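# Architecture and fold: a report
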Amino acid sequence: MINMQRLEMFVAVVEAGSFTGAAQTLGLTKAVVSFNIKQLEQELGVSLLTRSTRRVAATDTGETFYHRCQHLLQDAERVLDDVRSDHLGLSGLLRITTTPEYGARVVVPALAAFAGKHPQLRIQHVSSSKNDDLIAGRFDVAIRLGQLADSNHHARLIDRFAILPVVAPEYLNTQSIENLDQLAEAKWIGHSRLSTPLSWQVTTPAGESVLFSARHPAMIMADSAASLLAFTLAGAGVAILPAWLVQDELARGELIQLLPDHHFPQQGIYALYPHTRHLPEKVRAFIDFLHAFSNS
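These notes cover the structure that comes with them. Just so it is clear, the structure is predicted and the values come from calculations on it, not from any experiment. (Residues numbered from 1 in each chain as written. Predicted model: local features only at pLDDT ≥ 70, side-chain atom pairs only at ≥ 80, totals over all residues. Heavy atoms only, no water.)

## Things to note about the overall build of the protein chain
- Regarding its fold elements, the protein chain presents nine helices and 14 strands.
- Relative to a compact globule of 296 residues, whose C-alpha radius of gyration would be 19 Å, the protein chain shows 24 Å and is clearly more extended.
- Overall, the C-alpha framework of the protein chain stretches about 75 × 45 × 30 Å when taken along its three principal axes.
- Residue pairs at least 24 apart in sequence account for 74% of intrachain contacts in the protein chain once pairs closer than 6 positions are excluded. (Helix = DSSP H or I, 4+ residues; strand = E, 2+ residues; numbered from the N terminus. Rg over C-alpha atoms; globule rule 2.2 N^0.38 Å. Contact = heavy atoms within 4.5 Å.)

Take a look at the structure:
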């Protein structure tokens, strides 16, 4: 028989890098964790961990076993959550990662409303500009914006949004921007996480699709939309930013949309979730809720 508690202890030790850290995470004593790991290694007949005075690390066999344990524990947790939800409603832990900006503007309000409908469900929101790995981070859902890279995960389109070239009014005192040629000569602020931050397929007022590229390297690069917005508000140059992020600044006149009769490609908002045989009801329910919330 598989002792799931020992598997959970093993995963915790690998992730913490120590028996002490794992014990603190699990609310157990170091002696209990150490004893169970030794029992697990004896049952399997292999060494799963290498031990030193400073750190515990997985052996090659232990690393492979660790990833398989992660999948097994996640599947077990989802099955239990679904059984509980049949009788008690949604429960357990829903762990979600988003970008800081879109998370604060849209996902967190949706999570708050969702939590109100499911009081027995615990929610953990992780804000990160990086594309954190769903499996390593043990996330149920990741909200991704823009163009999706190839992935082994499932993805569902939640919504789409426009991206706009924007600039602070004072910038236009030094340079007029009334067409694509003038826009190409502007001082640009680029998003460093994009593969082509200064190149876009643009639809002209005549309906023609043209490839737009800035003629000079970006004067400033930043790795988050919030930083790009701050640089733009400070008059440092032109940036392409999501409409949902700059709508208030545009309404107050703090930013100006350039070439509003030209259309830059719409971007997608996707919910990514691990490719497993069994989709937990809490994940399905939240993705459905977020889709309805975003389109209401």
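## Brief notes about the packing of helix 7 (residues 225-233) against helix 8 (residues 243-252)
- With their axes 11 Å apart at the nearest point, helix 7 and helix 8 run at an angle of 25° to one another. Classed by the angle they form, the pair helix 7 and helix 8 counts as roughly parallel. Seen along the crossing, helix 7 lies across helix 8 with a hand that is right-handed. Together, Ala225, Leu229 and Leu233 of helix 7 and Leu245, Val246 and Glu249 of helix 8 make up the contact between the two elements.
- Of the residues that constitute the contact of helix 7 with helix 8, the class distribution is five nonpolar, no polar and one charged. (Axes fitted to C-alpha atoms, helices over the stretch in contact; angles between N-to-C directions. Parallel < 35°, antiparallel > 145°, perpendicular 65-115°, else oblique. Left-handed = near helix turned anticlockwise from the far one by under 90°. Nonpolar A, V, L, I, M, F, W, Y, C, P; charged D, E, K, R; others polar.)

## A few points about a nonpolar patch on the surface
- Taken together, the side chains of Ile2, Met4 and Leu72 make up a nonpolar region of the molecular surface, amounting to roughly 250 Å² of accessible area.
- Of note, Met4 is situated in helix 1 (residues 4-16).
- A residue is classified by how much of its surface remains accessible, and Met4, at 31% relative accessible area, is partly exposed. (Patch = residues over 30% accessible without salt bridge, like charges linked within 9 Å, V, L, I, M, F, W, Y side chains within 5 Å. Areas by Shrake-Rupley, 256 points an atom, 1.4 Å probe, with all protein chains shown as cover. Salt bridge = Lys/Arg side-chain N within 4 Å of Asp/Glu carboxyl O. Buried < 20%, exposed > 50% of the residue type's maximum accessible area, 1.4 Å probe, protein only.)

## Topic: the pattern of salt bridges
- Within this structure, the stated rule accounts for nine salt bridges.
- Its salt-bridge partner being Glu43, residue Arg6 comes within 2.4 Å of it at the nearest N-O pair. One end of the pair, Arg6, is in helix 1; the other, Glu43, is in helix 3 (residues 30-44), with 37 residues separating them in the sequence.
- A salt bridge links Arg284 to Glu281; the nearest nitrogen and oxygen atoms lie 3.6 Å apart. With Arg284 and Glu281 both in helix 9 (residues 281-294) and three residues apart, the pair spans about one turn of that helix.
- With relative accessibility at 39%, the residue Arg284 sits in the partly exposed group.
- The exposure class assigned to Glu281 is partly exposed, which follows from its relative accessible area of 32%.
- Counted as one network, the salt bridges with shared partners bring together Asp181, Glu185 and Arg215.

## A word on the pairing of strand 14 (residues 267-273)
- Counted residue by residue, strand 14 has seven buried out of seven residues, so it is predominantly covered.
- Burial along strand 14 is two-sided: the residues Gln267, Ile269, Ala271 and Tyr273 and Gly268, Tyr270 and Leu272 are all buried.
- Where strand 5 (residues 141-146) lies against strand 14, five bridges are found, and the strand directions are antiparallel. Looking at the pairing, Leu145 lines up with Ile269 of strand 14.
- Examined bridge by bridge, strand 6 (residues 154-161) and strand 14 share seven bridges and lie antiparallel to one another. Residue pairing across strands places Phe161 opposite Gln267, the latter belonging to strand 14. (Pairing = 2+ DSSP bridges.)

## Here we look at the layout of surface pockets
- Here the largest pocket defines a volume of roughly 1,100 Å³.
- Taken together, 43 residues form the lining of the largest pocket, with Leu145, Gly146, Gln147, Arg193 and Leu194 sitting closest to its centre.
- Contributions of two or more residues to the lining of the largest pocket are made by strand 5, strand 8 (189-191), strand 9 (199-203), helix 7, strand 12 (239-242) and strand 14.
- Broken down by class, the residue content of the lining of the largest pocket amounts to 22 nonpolar, 14 polar and seven charged.
- Roughly 730 Å³ of volume is contained in the second largest pocket. (1 Å grid on protein atoms, 1.4 Å probe; cavity = no way out; pocket = protein on both sides within 12 Å on 5 of 7 lines; lining within 4 Å. Points joined across faces, edges and corners; volume = space filled by probe spheres on them.)

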